[in-house]
Amino acid sequence: MEIACIRAGAVGGFRQSSAALSRPTVSPNTSLTSLPTMVSKALIRLFAAITLLSTASGLKIPAPADKRQLSSTISSWSTTEYPIAKASLLANIGPNGAKDGGAASGVVIASPSTSNPDYLYTWTRDSSLVNKWIIDTFTSGADSTLRTGIQNWIASEGRLQQVSNPSGTVSTGGLGEPKFNIDETAFTGAWGRPQRDGPALRAISMIDYVNWLLKNSGSTEAATIWTYIKLDLDYVASNWGSTTFDLWEEVQGNSFFTTAVQHRALRQGAVLATTMGDSTRASTYSTQAGSVLCYLQNYWSSSNNYIISNLNANNGRSGLDANSILTSIHTFDPNAGCESATFQPCSDKALANHKAVVDS
């Protein structure tokens, strides 16, 4: 089902910091030792937001701890937890992960479990989000040991793009295939397909790495990865208005999460296309991003004061869904302030939606 943007006249009024989105959330000058402080500040802000929401709903909560004590506790915990979490994450990535189940090089498995449930597969969405963190950590200068793994993942995704599957070939819709076998062959069983957030999330992660390469004498490697990114962004630009299964793989319609990450991918892609000298794609991506941002506003229900997470689904659900909160996290732009159009975490709409989801 194709959908036209019904609020095209409003596009010019929306602001989005494309340049900010093309950079990692963590500054390249940030050291690993400063990350706990950043995390603690973010959690303190989150606690303040929760306090505000709780007060509005009449919920009684304990008085907040001293900020210095909270910061110290979080800093100590994160310093201890980082190597544990990192090791557990890398254990699920082939070919040398302790729990990778025999996965091919660069393949991120969803789980080593093979029954109840059988999740020994690789999802484009999941692996892209995992590598978003890995890439941000590497490009920030926090962990230089991660580069080979990043290169392995990108090479694997480049191969997976070319694998014909039940959704199609690389040029006929196959990029929307949600999951593959861990040996990089097609999964041909029944599943909720297509899932159109995958190409957008993969492009976002790769763009962040390419931006780092271009600043660090890596133009040859960047040019190769750009060929993968173009495939995904061209798919997004052509298919963003088509229905999809949501990130929970349950509802077929138009997904708020998918639309939002598609917007981010196209914004970042337009900036990178300009850098790579592809003015035609830069123009296409920018134009489509405007239309996507316009359509994104349709998910907001002013009468209910929350986000309808799936449109055109006709499934009898209220639309309240935690994926709308995850959306604000994954499209966070530190230079966008509390912008409502992109549902930034501190915006009035994101906060109102957060309360509605929690209260539900």
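Refer to the structure above for everything that follows.
Keep in mind it's a predicted model, so treat the numbers as computed, not measured.

> I'm lost on the overall build of the protein chain in this one. Help?
When you go through the protein chain residue by residue, the secondary structure sums to 11 helices and seven strands. Per-residue burial over the protein chain gives 50% buried out of 360 residues. Contacts spanning at least 24 positions in sequence make up 65% of the contacts within the protein chain whose residues lie at least 6 apart. With an accessible surface of roughly 16,200 Å², the protein chain has 56% of that area assigned to carbon and sulfur atoms.

> Whenever I open this one, the state of the cysteines confuses me. Can you help?
Joining two cysteines, a disulfide is a covalent bond between their sulfur atoms. Tallied over the entire structure, the rule returns one disulfide. Linked covalently through their sulfurs, cysteine 338 and cysteine 346 form a disulfide whose S-S length is 2.1 Å. When the S-S torsion is -110 degrees, as for the bridge of cysteine 338 with cysteine 346, the disulfide is left-handed. For cysteine 338, a relative accessible area of 47% corresponds to the partly exposed category. Cysteine 346 gets classed as partly exposed once you look at its relative accessible area, which sits at 37%.

> Whenever I open this one, the packing of helix α10 (residues 323–330) against helix α11 (residues 348–359) confuses me. Can you help?
For any two helices packed against each other, one specifies the inter-axial angle together with the distance between the axes. Relative to each other, α10 and α11 sit at 145 degrees, their axes nearing to 9 Å. As for the relative orientation of α10 and α11, their crossing is left-handed in sense. Of α11, the residues touching α10 (which contributes Ser324, Ile325 and Ser328) are Ala350, Asn353, His354 and Val357. Residue classes in the contact of α10 with α11 are distributed as three nonpolar, four polar and no charged.

> For this particular structure, what's the right way to read the environment of histidine 263?
Checked against the element boundaries, histidine 263 lands in helix α8 (residues 256–275). It is 8.7 Å that separates the C-alpha atoms of histidine 263 and serine 291, two residues lying 28 residues apart in sequence.

What counts, and at which threshold
Residues numbered from 1 in each chain as written. Predicted model: local features only at pLDDT ≥ 70, side-chain atom pairs only at ≥ 80, totals over all residues. Heavy atoms only, no water. Helix = DSSP H or I, 4+ residues; strand = E, 2+ residues; numbered from the N terminus. Buried < 20%, exposed > 50% of the residue type's maximum accessible area, 1.4 Å probe, protein only. Contact = heavy atoms within 4.5 Å. Areas by Shrake-Rupley, 256 points an atom, 1.4 Å probe, with all protein chains shown as cover. Disulfide = S-S within 2.5 Å. Axes fitted to C-alpha atoms, helices over the stretch in contact; angles between N-to-C directions. Left-handed = near helix turned anticlockwise from the far one by under 90°. Nonpolar A, V, L, I, M, F, W, Y, C, P; charged D, E, K, R; others polar.

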